[in-house]
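The chain contents come next:
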Amino acid sequence: MLKWLTSEPTRAQAFTAYANATDGLACLYKEKLLPLEQSHAFHEFYSAQLTDADFTSRPMVLLVGQYSTGKSSFIRHLLGRDYPGLRIG
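Bear in mind that the values here come from a model prediction, so they are computed numbers and not experimental data. (Residues numbered from 1 in each chain as written. Predicted model: local features only at pLDDT ≥ 70, side-chain atom pairs only at ≥ 80, totals over all residues. Heavy atoms only, no water.)

Colleague: Provide a residue-level description of the overall build of the chain, including the pertinent values.
Modeller: Secondary structure assignment for the chain yields 6 helices and 0 strands. Beginning at the N terminus, the succession of helices and strands in the chain can be written as α-α-α-α-α-α. Within the chain, the fraction of its 89 residues that count as buried is 9%. Across the chain, every contact between residues at least 6 apart in sequence was considered, and the portion connecting residues at least 24 apart equals 15%. For the chain, the computed accessible surface area is about 8,300 Å², with 61% contributed by carbon and sulfur atoms. (Helix = DSSP H or I, 4+ residues; strand = E, 2+ residues; numbered from the N terminus. Buried < 20%, exposed > 50% of the residue type's maximum accessible area, 1.4 Å probe, protein only. Contact = heavy atoms within 4.5 Å. Areas by Shrake-Rupley, 256 points an atom, 1.4 Å probe, with all protein chains shown as cover.)

The structure is reproduced here in structure tokens:
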């Protein structure tokens, strides 16, 4: 019943080392997910296929909250210093 769990030869083939997580995600997307998206015309109905820039660009984060709830303090805490535009508003 759990033969797939104990079979070492197939498990050893499943692991591939990548230089970093971004390279691994990009490679897995191109090899596994992109062909599936293309075969089901996913890009015609939902969103365009991901490019290399989607994997290598910096993430964008939106921090939303009511007035005076600590948004700026939270960002200052993450950065460990004050930042330009801290006292706007």
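Colleague: Just give me the short version of the pattern of salt bridges, but keep the residues and values in it.
Modeller: Per the counting criterion, the structure on display carries 2 salt bridges. Across the salt bridge formed by Asp-52 and Lys-30, the nearest N and O atoms sit 2.7 Å from each other. With a gap of 22 residues between them, Asp-52 in helix α5 (residues 52–56) and Lys-30 in helix α3 (residues 21–39) connect regions that are remote in the sequence. For Lys-30, a relative accessible area of 44% translates into the label partly exposed. Between Asp-82 and Arg-76 there is a salt bridge, with the nearest N and O atoms lying 3.8 Å from each other. For Arg-76, a relative accessible area of 25% puts it in the partly exposed group. (Salt bridge = Lys/Arg side-chain N within 4 Å of Asp/Glu carboxyl O.)

Colleague: Break down α3 for me, citing the residues and quoting the values.
Modeller: The end-to-end C-alpha separation of α3 is 26 Å, in line with the 27 Å expected for 19 residues at 1.5 Å each. Within α3, the axis deviates most sharply at Leu-33, by approximately 45°, and proline Pro-35 lies no more than four positions further along. Buried-residue contacts for α3 involve α4 (42–45) and α5. The N-cap of α3, judged by a side-chain oxygen 3.2 Å from the amide nitrogen of Thr-22 a few residues on, is Asn-20. (Expected span 1.5 Å × (residues − 1). Bend = angle between axes of the 7 residues up to and from the residue. Polar contact = N/O pair within 3.5 Å; in protein donor to acceptor, adjacent residues only side chain to side chain.)

In short, geometric facts, not functional conclusions.
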